[in-house]
Amino acid sequence: MKWKCRGHEYDHVYQKITTKNSFYLFGAGDYGAQFLHVFKEEVFVKGYIDNAVSKQGTLIHGLPCCSLDKITLTSEEGIVLTMSQIARISAIEQLLENGYKKNEDFFIIEDFLSIYHVYKKDLVYFSSISFLPSTACNLKCRYCLNFNPFAEQFYVREWDALVRDIDLFFSCVDRIMLFHISGGEPMIYKYTADLAAYIDKNYGDRIDTLRMVTNGTIVPKEEVLEILSQCHIEITVDDYRDAVPEYRCHFNQLIDKLEEYHIKYYINKADSWVDLAPEKTDYSDWPETLLEKHRESCSQSWQELRDGKLYNCNYAAYATVAGIAGEQDVEEIYDLTSFTADKKKELVEFRLGYTTKGYTNFCKKCRGFTPSNPVKMMPALQARNCMEK
């Protein structure tokens, strides 16, 4: 989205939020639980909406769950979309088909969270951030969203750079719902446990969920597990056993170790991956207006923190690191060293997708997380050689 009225882009949205006295949460999963935790004293939630028949008619976190067609909103009621960026694509279409309007009748969780806090409490509250200490990985996934198959070498950061980024980030951001340590494969990075411990010790009281992802193929050393067990951290264990059956025993050993050390975890078994297809896509002849629409229609909502900057699209940032997207323009980046207290709404707007030009250079090479990109691939499908696309 292109900035038109920097610092005031969400004035009208906040006004709409203030007209609601209760909300339904569309999505009775992890995001819904996180929303309840953040807003338990702030917002009255009437119940959940979910398309899973098994959840309908049940109580989830003490709240009733039903299908969308059982809801008739009044002008004083709203819906907050509490589901992942991929799952929400069809849910948004469903809401629009039922006559509901975005930012009037329904709101996206990331938008609601940040807008509510910066307007009502003058606090910078982010929904999430992606932090990659390293892109090093033991797998060679053909459709890796770090674009490792294209990179000549892994990108590995030093400890001092990590600490500088963390400290700078929390000097600008008051609170965050999800701080996500990703990769590459974090369990093979030498400072992973120390990084988690540093974040938890210094900023844990400002993080609702500190989470790390692992591909489920690495069993950490005992000293790593011991440090992680002392942190308030969750581990997402991706289940790629179908794609890499040779690691089945490692997966089981990892789960056993996490339980032994009482480290909170949950298993993520994705049905498919999206192919962003940078080697097959060329939108370089598109006018800027079309590129802006392409970026705005993309359901990709993550940003990366690196070298004192926020990158508008984390996948665009990964593509730059992998050497397939060229350098990112300054218009795609928010330099946190230039942040001052009077720029809180501006910072929130950037986190929610606003930039000077309204798209990234990588948009010219990326299909995006859009309804027009229906291509789904087997998760963690391995390349036969390191350069296979």
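Chains are numbered independently. Their residues run from 1 in the order of the written sequence. Where totals are concerned, whole chains, interfaces and linings use all residues; where local detail is concerned, this predicted model gives features only for residues with pLDDT of at least 70, and gives and counts side-chain atom pairs only at 80 or more. To obtain the side-chain values, all non-hydrogen atoms of the structure were included, while hydrogens and water were left out.

1. Some details on the pairing of strand S10 (residues 234-238)
Throughout this description, buried means an accessible area under 20% of the type-specific maximum (1.4 Å probe, protein chains only), exposed means over 50%, and partly exposed covers the range between. The helix count covers DSSP runs of H or I at least four residues long, the strand count covers runs of E at least two residues long, and both are numbered beginning at the N terminus. By the criterion of burial, S10 is predominantly enclosed, with five of the five residues buried. The side-chain alternation of S10 yields two buried faces, one formed by Glu 234, Thr 236 and Asp 238 and the other by Ile 235 and Val 237. Following the backbone out of strand S9 (residues 207-214), through helix H7 (residues 222-229) and into the adjacent parallel S10, one traces a crossover that is right-handed. Inspection of the sheet shows S10 paired to strand S11 (residues 264-268) by five bridges, in the parallel sense. If you follow Asp 238 over to S11, its bridge partner there is Asn 268. Of the crossover connections in this fold, the one passing from S10 over helix H8 (residues 248-260) to the parallel S11 is right-handed. Handedness of a crossover: with both strands directed away from the viewer, a clockwise path from the first strand across the helix to the second marks it as right-handed. Pairs of strands are assigned from DSSP output, requiring at least two bridges between the strands.

2. Side note on helix H2 (residues 30-39)
Counting buried positions along H2 gives seven out of 10 residues, so the element sits mostly inside the fold. When we look at burial in H2, the residues that qualify are Tyr 31, Gly 32, Gln 34, Phe 35, Leu 36, Val 38 and Phe 39.

3. Considerations on the nonpolar core
By size, the foremost hydrophobic cluster in this structure holds 78 residues, and its most contacted members are Phe 112, Phe 169, Phe 179, Leu 310, Leu 336 and Leu 347. Formed by 18 residues, the second largest nonpolar core is a distinct cluster that contains Val 274, Cys 313, Ala 322 and Ala 325. Nonpolar cores were defined as sets of buried Ala, Val, Leu, Ile, Met, Phe, Trp, Tyr and Cys residues, with membership established by side-chain atoms within 4.5 Å.

4. Comments concerning empty space enclosed by the protein
Residues are said to line a cavity or pocket when one of their atoms sits within 4 Å of a point; the points come from a 1 Å grid over protein atoms alone, cavities being sets where a 1.4 Å probe fits but cannot get out and pockets being open sets with protein on both sides within 12 Å along at least five of seven lines. Grid points are joined across faces, edges and corners, and a volume is the space filled by probe spheres set on the points. Counted according to the given criterion, the structure contains five cavities of 30 Å³ or more. Approximately 110 Å³ is the volume found for the largest cavity. Taken together, 13 residues line the largest cavity, and the ones lying closest to its centre are Arg 295, Cys 298, Cys 313, Cys 363 and Cys 366. Each residue is assigned to one of three groups, with Ala, Val, Leu, Ile, Met, Phe, Trp, Tyr, Cys and Pro labelled nonpolar, Asp, Glu, Lys and Arg labelled charged, and all others, Gly among them, labelled polar. Tallied by class, the residues present in the lining of the largest cavity amount to eight nonpolar, four polar and one charged. Each pocket or cavity is described by its volume, and for the second largest cavity that value is around 90 Å³. Taken together, 14 residues make up the lining of the second largest cavity; nearest its centre are Arg 142, Tyr 143, Phe 150, Asp 275 and Pro 278. Its residues assigned to classes, the lining of the second largest cavity shows 10 nonpolar, no polar and four charged.

5. What to know about the sheet that holds strand S3 (residues 59-60)
One open sheet holds the six strands; their spatial order is S3-S4-S2-S1-S5-S6, and the pairing between them is mixed. On the outer flanks of this sheet lie S3 and strand S6 (106-108), each paired with one strand and no other. One ladder, built from two bridges, connects S3 with strand S4 (residues 63-66); its direction is antiparallel. Following the sheet pairing, Ile 60 is matched in S4 by Leu 63. Note on contacts: a residue pair is in contact if any heavy atoms of the two residues lie within 4.5 Å. Only the stretch in contact is used when fitting a helix axis, every axis being a line fitted to C-alpha atoms; angles between N-to-C directions are given from 0 to 180 degrees. Against the sheet, H2 contacts strand S1 (22-26), strand S2 (45-49), S4 and strand S5 (77-81), and its axis sits at roughly 170° relative to S2. Helix-sheet contacts for helix H4 (residues 109-120) involve S1, S5 and S6, and the interaxial angle to S6 is about 85°.

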